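Each chain, letter by letter, is given below.
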Amino acid sequence: MSHLQQQASACQVPIDAAWLEGLIDAMTVQAVSEQLLALAGRHSACQSARLIWTDELPDAATAVHADQRVFARSFLNSGENMQARPDGLRWAFRLSHELPVALLVDFRTRPLVDELQSTLLPGLQVAGRHLAHVLELEKLRDAQQQLERSEHLQKALFAISELAGSDQNMPDLLCGIHGIIRQLMYAENFYIVRYDSVRQTVHFLYFVDTVDLHGPDTACEMPLESRRGSLTWHLLTTGKSLMGSPQELDAQVNGTSASFGPESVDWLGVPMVRNGEVQGALVVQSYRPGMEYSENDRTLLMFVANHILAVLERKRTMDDQERRVRQRTQQLDMLNRELRQKVIERQHAVQLQVTLFQLAQLATSDLAEEDFYAHVHAAVGQLLESENFFIALVSDDSQRLEFPYYVDGGVRRETSRPLGRGISEYVLRRGSSWLGSASDIEALSRAGEMTPVTAGRPPACWLGVPLRVDEVVIGLVAVQSYKSDSSYGEADRDLLEFVAMQIANSIYRRRAATALQHANARLEQRVAERTRELHAEVARREKTQQQLRHQVLHDTLTGLPNRTAMREQLERRLAVMQNEIGRHCVLMYLDVDRFKLVNDTLGHLAGDAFLQVIAQRLRYCINEPDISARLSGDEFAILIEDVANTARVEEIAQRVMSVLCEPTRIAGKELEPSVSMGIAVGDSSYTDADALLHDADIALYRAKELGRKRYAIFDKSLTQVTVDIFTLGREIRHALQHGEFEPYFQPILSLADGQVVGYEALLRWNHPSRGLLAPNDFLRVAQDFGYLEEIDWFLFGRAFECFLALNTQGRFLTINVSPLHLRHPDFDQRLLSLLDRSGIEREQLVIEVTEGALLDDTERVRTMLERLDVAGVRAALDDFGTGYSSLSYLHTLPLHKLKIDQSFVHSLNRSAYNGSNAVVGAILALGRALDLFVVAEGIETVAQRDQLLAMGCQYGQGYLLGAPAPLAHWLTGVSFMA
């Protein structure tokens, strides 16, 4: 049983045997991918499926939608095995934790989660592990192919030589040469151009380009002038090869090149030259960054160019040969006498071809070096006198001449000597073959070109041909005869030149093979070393990943799990409860009440210590496997994984509240923590963690709305309340944008004569559908949504503008300032700037603050009020008498007015309780003692007004004296109750 079959068996899921057999046979990434998609496609609701790679993408050739890529990356980062989009129709499956790949399946209908977990997911994970094995095997195959590529280089060079001598037609021949060149270098973009210098025309015989799909016409010639300035034009007119990037090529042609077709990243072109005349060119080019050509590529291409030119010339002369054959046929009668001679010559030619074929085969054989030289010698001996035959090579240090094969008089011997000025050195110096007799040798000696070697007797005839590798002479092959009646001719020279070429090729191939063998050995050693390094690196990375995962899933300040960890745990618990009907979990969403006040008054370090105390107490409140987490800022959560009886929820909540709200000492001050808690009870109806978090958050909002330091349990009715609140928040934003808020003014009168001494600016909202709204209808929501300060500044500006339209001579304007404004150090500057721009005198403005604002931060409020007082703006204490320690502020704060709270005014002279009379009397006495301007609020009856006058109260406001009204109302000249 294979490892895949064992894994499939371990999954204990019904995997189709045919599919598993196909997966086992799949040995490529593409094949395994097809099996994966086939498995997904078997699901009855599957609409489509595809693999998404997030690193090096095997599917890069196929368009992938951005949302699919984002969904796949988000899923892989989550660490889950499967995950659905919110609509439940698109699912992502993890194939392997080692691979950056996910399977995305789109379903026509929402599938069942347990069905996917039990049927589809195990098979996908089996295939994922097989995919990881296949990827590893492909990496090993790539390494093996790299080793084989070097050996293919030599074979391809020999293939070009054989192809050049074949009888294929021109298109097939050129296509075959292109195929061979592609084995040696990057040549996806390749063309051959023929040049006629007499007619000044060019003909693109062969053109293949992956980018330029509209290249030159290969069926006809064109004037060279039509390509003037192009790189091909420079190549043909100068006869010099060109190679490099566009910038390097511009430098080689003095920046005069013209563009024909797309610009390449790298370009290489070599001329085809015969007898010093340019007859065409070969060009390869690359559009891929990093794919550049080298000098080896240039040398190889120049070698190929010579062979192609020979083939082209041979094809061109075929017509001439046919014409000559016809002429020779007409002269056949005249040549009958020469028939025997021709037969002999033909037999000789046949023998020559056989010999040449043998030599070509020997050059590509795997014979030992000595055996190869012996076989070459035997083949040469079939056509010419070669009793005395030797092969000489220049040593690596260029100081000696080594003779790996030396036969003289039929006797084999080994020899070497220092380089001198013998006839062999003469051939090496001139780099071309030399044929001569004894007298020719003497003439060279007399001319000083050589010094005869004294060893042995001088030859009667000598023929030597140099051995070349990459245009470098590395040695020579020579035959010599000591018989005066024998000599060598030009045919012998041609034969020996071919022999020299085959020997040189064999030497080059053997040297390359030896170098490759050494390189392979070094490469294997390096691969082994690198493998060990990679194993160590993988171990280090795995450890780092474990540390990073802990950091990602935990809060750095408190050490508690974070929101991500809570969501993962919650998702796992909800998934388990899908199969456990009747089981419940409890999510408690907690928010620290007034935590911002702790931060602002004691500092952020104290705030951090405060949060750490809360976190420590949360740990105390739970037991495994329940978890507590810090979700953000001052928000925490507790997950109770199993609550069999929902009646225990409130008992648990009360216990947690009691533990968290115990006093603690932070930064030298004793603080009593307070938290609000929203509770959501989860069951099998919840399939998404965010839904349960959302419901707990709604309950938390409800708890805050009820006054904080309490808990609220979620029910369906809270959902509509939250929707209404969010609707109101959206409408408040719209009101700010469209100017629906308006200041209403309530007059402050002298109770004695009914004269207006000032106005209080009050906020109203002209709601487009609900009519006129008072602040109590929307200010709490505005504060929760963060719009309160923006609304106040709008009211300040509009109130200042409207106040100027009233008869303001000798009158003042009061505005209500919330504690939020007093926390800003630049509030006074901003208010004074707005006031100065409006045109109102600073002495006419009075800001009303509550005793709650004084308690927020007494020193900061005192400093702010003193700065405003110096600038001319007065302050009034609103709702006096209802606070905690009002009298302590009157002596220390720059206050100019007191406003008696309306609760005391409403209770004046009531039979059941007359304590308000004493309080009001005390406040009036205190005001007179401190020289404060005292205003009674909420006067609604004549009796209240008369009582206040009798007690000595000079000023008042209320519905009896004048209800809040817009500016237009007061501009009509309304009279006030006297």
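Heads up: these notes are all about the structure in this document. (Residues numbered from 1 in each chain as written. Predicted model: local features only at pLDDT ≥ 70, side-chain atom pairs only at ≥ 80, totals over all residues. Heavy atoms only, no water.)

Let us look at the overall build of the protein. Along the backbone of the protein there are 32 helices and 32 strands. For 978 residues, the compact-globule estimate of 2.2 N^0.38 gives 30 Å, and the protein exceeds it by more than 25% at 51 Å. Within the protein, the proportion of its 978 residues that are buried is 46%. Long-range pairs, those at least 24 residues apart, make up 62% of the contacts in the protein between residues at least 6 apart in sequence. By element, 50% of the accessible surface of the protein is carried by carbon and sulfur atoms, the whole surface being about 50,500 Å². (Helix = DSSP H or I, 4+ residues; strand = E, 2+ residues; numbered from the N terminus. Rg over C-alpha atoms; globule rule 2.2 N^0.38 Å. Buried < 20%, exposed > 50% of the residue type's maximum accessible area, 1.4 Å probe, protein only. Contact = heavy atoms within 4.5 Å. Areas by Shrake-Rupley, 256 points an atom, 1.4 Å probe, with all protein chains shown as cover.)

If you walk through the whole model with that rule in mind, you get 31 salt bridges. Glu225 is the partner of Arg228 in a salt bridge, and the nearest nitrogen-oxygen pair spans 2.6 Å. Within this structure, Arg526, Glu529, Arg530 and Glu533 form a network of salt bridges that share partners. (Salt bridge = Lys/Arg side-chain N within 4 Å of Asp/Glu carboxyl O.)

What follows deals with the nonpolar core. Core analysis: the largest hydrophobic core is formed by 58 residues, its most contacted members being Phe800 and Leu831. Top contributing element to this core by residue count: helix H23 (residues 788–805), with 6 residues. Contacts of Phe800, omitting those with residues within four sequence positions, involve Leu813, Ile815, Leu831, Leu834, Leu835, Ser838, Ile840 and Leu845. In terms of nonpolar packing, the next biggest core, distinct from the first, is built from 33 residues, Cys621, Val649, Ala653 and Val656 among them. (Core = buried A, V, L, I, M, F, W, Y, C linked by side-chain atoms within 4.5 Å.)

Turning to its location among the elements, Asp250 is positioned in helix H8 (residues 246–252). Taking relative accessible area as the criterion, Asp250 reaches 32% and is therefore assigned partly exposed. Residues Asp250 and Leu231, 19 residues apart in the sequence, show an inter-C-alpha distance of 9.2 Å. Beyond its immediate sequence surroundings of up to four residues, Asp250 is in contact with Gly255 and Ser257.

To continue, consider unusual backbone geometry. A cis geometry characterises the amide bond from Glu624 onward to Pro625, with omega recorded as 0°. Summarising the element assignment, Pro625 is placed in the loop between helix H18 (604–621) and strand E18 (627–632). Even without being glycine, Gln200 reaches a positive phi, approximately 55°. Position of Gln200 relative to the elements: it lies in the loop between strand E5 (189–196) and strand E6 (201–208). Gln200 sits in the partly exposed class, given a relative accessible area of 38%. You will see that Ser398, though not glycine, has its phi angle at about 60°, which is positive. Here Ser398 is to be found in the loop between strand E11 (388–394) and strand E12 (400–408).

Counting buried residues along strand E29 (residues 874–880), 5 of its 7 residues qualify, which places the element largely inside the surrounding structure. As paired strands, E29 and strand E30 (residues 897–900) are joined by 3 bridges and run parallel to one another. Bridging across to E30, Leu877 finds its partner in Leu898. (Pairing = 2+ DSSP bridges.)

A word on the environment of Glu148. As for its placement among the helices and strands, Glu148 is situated in helix H5 (residues 113–164). Using a relative accessible area of 33% as the deciding quantity, one classes Glu148 as partly exposed. Taking the C-alpha atoms as reference, Glu148 lies 96 Å from Pro964; in sequence the two are 816 residues apart.

Next up on the list: the packing of H23 against helix H25 (residues 827–838). The relative placement of two packed helices comes down to the angle between their axes together with the axis-to-axis distance. Contact pair H23 / H25: the axes reach a minimum separation of 9 Å and the direction vectors enclose 30°. Judged by the angle between their axes, H23 and H25 are roughly parallel. The handedness of the crossing between H23 and H25 is right-handed. Residues Trp793, Phe796, Gly797, Phe800 and Leu804 of H23 lie in contact with H25, whose contacting residues are Phe827, Arg830, Leu831, Leu834, Leu835 and Ser838. Its residues placed into classes, the contact of H23 with H25 shows 8 nonpolar, 2 polar and 1 charged. (Axes fitted to C-alpha atoms, helices over the stretch in contact; angles between N-to-C directions. Parallel < 35°, antiparallel > 145°, perpendicular 65-115°, else oblique. Left-handed = near helix turned anticlockwise from the far one by under 90°. Nonpolar A, V, L, I, M, F, W, Y, C, P; charged D, E, K, R; others polar.)

Moving on, we get to a nonpolar patch on the surface. The grouping of Met27, Leu137 and Leu140 at the surface amounts to a nonpolar patch, some 250 Å² of accessible area in total. Within the element layout of this structure, Met27 appears in the loop between helix H2 (17–25) and helix H3 (29–41). On the basis of relative accessibility, which here comes to 35%, the residue Met27 falls in the partly exposed class. (Patch = residues over 30% accessible without salt bridge, like charges linked within 9 Å, V, L, I, M, F, W, Y side chains within 5 Å.)

Three or more residues of helix H31 (residues 942–950) are buried, namely Gln944, Arg945, Gln947 and Leu948. Seen from one end, H31 has its buried residues packed into an arc of 165°, which puts them on one side. Residues Ala943 and Ala950 are exposed on H31 and point more than 90 degrees away from its buried face. Of the residues one or two after H31, Gly952 is the one with positive phi, at around 95°. (Arc of directions from axis to C-beta.)

This part covers the packing of aromatic side chains. Geometry of an aromatic ring pair is reported as the spacing of the ring centres plus the angle between the planes. Considering all chains together, one arrives at 24 aromatic pairs under this definition. An aromatic cluster of three or more residues is present, and its members are Phe372, Tyr373, Phe389 and Tyr405. Arg830 extends its terminal NZ or CZ atom over the ring of Trp793, reaching a point 4.0 Å from the ring centre. Taking NZ or CZ as reference, Lys897 lies 5.0 Å from the ring centre of Phe933, over its face. (Phe/Tyr/Trp six-rings, centres within 6.5 Å; stacked < 30°, edge-to-face > 60°. Lys NZ or Arg CZ within 6 Å of the ring centre and 35° of its normal.)

Here the focus is the sheet that holds strand E19 (residues 635–640). Strand order in the open sheet made by the 5 strands is E18-E19-E17-E22-E23, with mixed pairing throughout. Each edge of the sheet is formed by a strand with only one pairing partner; in this case those strands are E18 and strand E23 (711–713). The sheet shows a mean angle of 20° between the axes of neighbouring strands, taken without regard to direction. Inspection of the sheet shows strand E22 (residues 675–682) paired to E23 by 3 bridges, in the parallel sense. Bridge pairing in E23 places Gly678 opposite Ala712. Contacting strand E17 (585–592), E18, E19 and E22, helix H16 (residues 563–577) runs over the sheet at an angle of about 130° to E18.

Bringing a negative patch on the surface into the picture now. A surface patch of negative charge is lined by Glu369, Glu370, Asp371 and Glu414. No other element matches helix H12 (residues 369–381), which puts 3 residues into the negative patch. Of note, Asp371 is situated in helix H12. What makes Asp371 partly exposed here is its relative accessible area of 40%. (Lys, Arg positive; Asp, Glu negative; His and termini not counted. Charge placed at Lys NZ, Arg CZ, Asp CG, Glu CD.)

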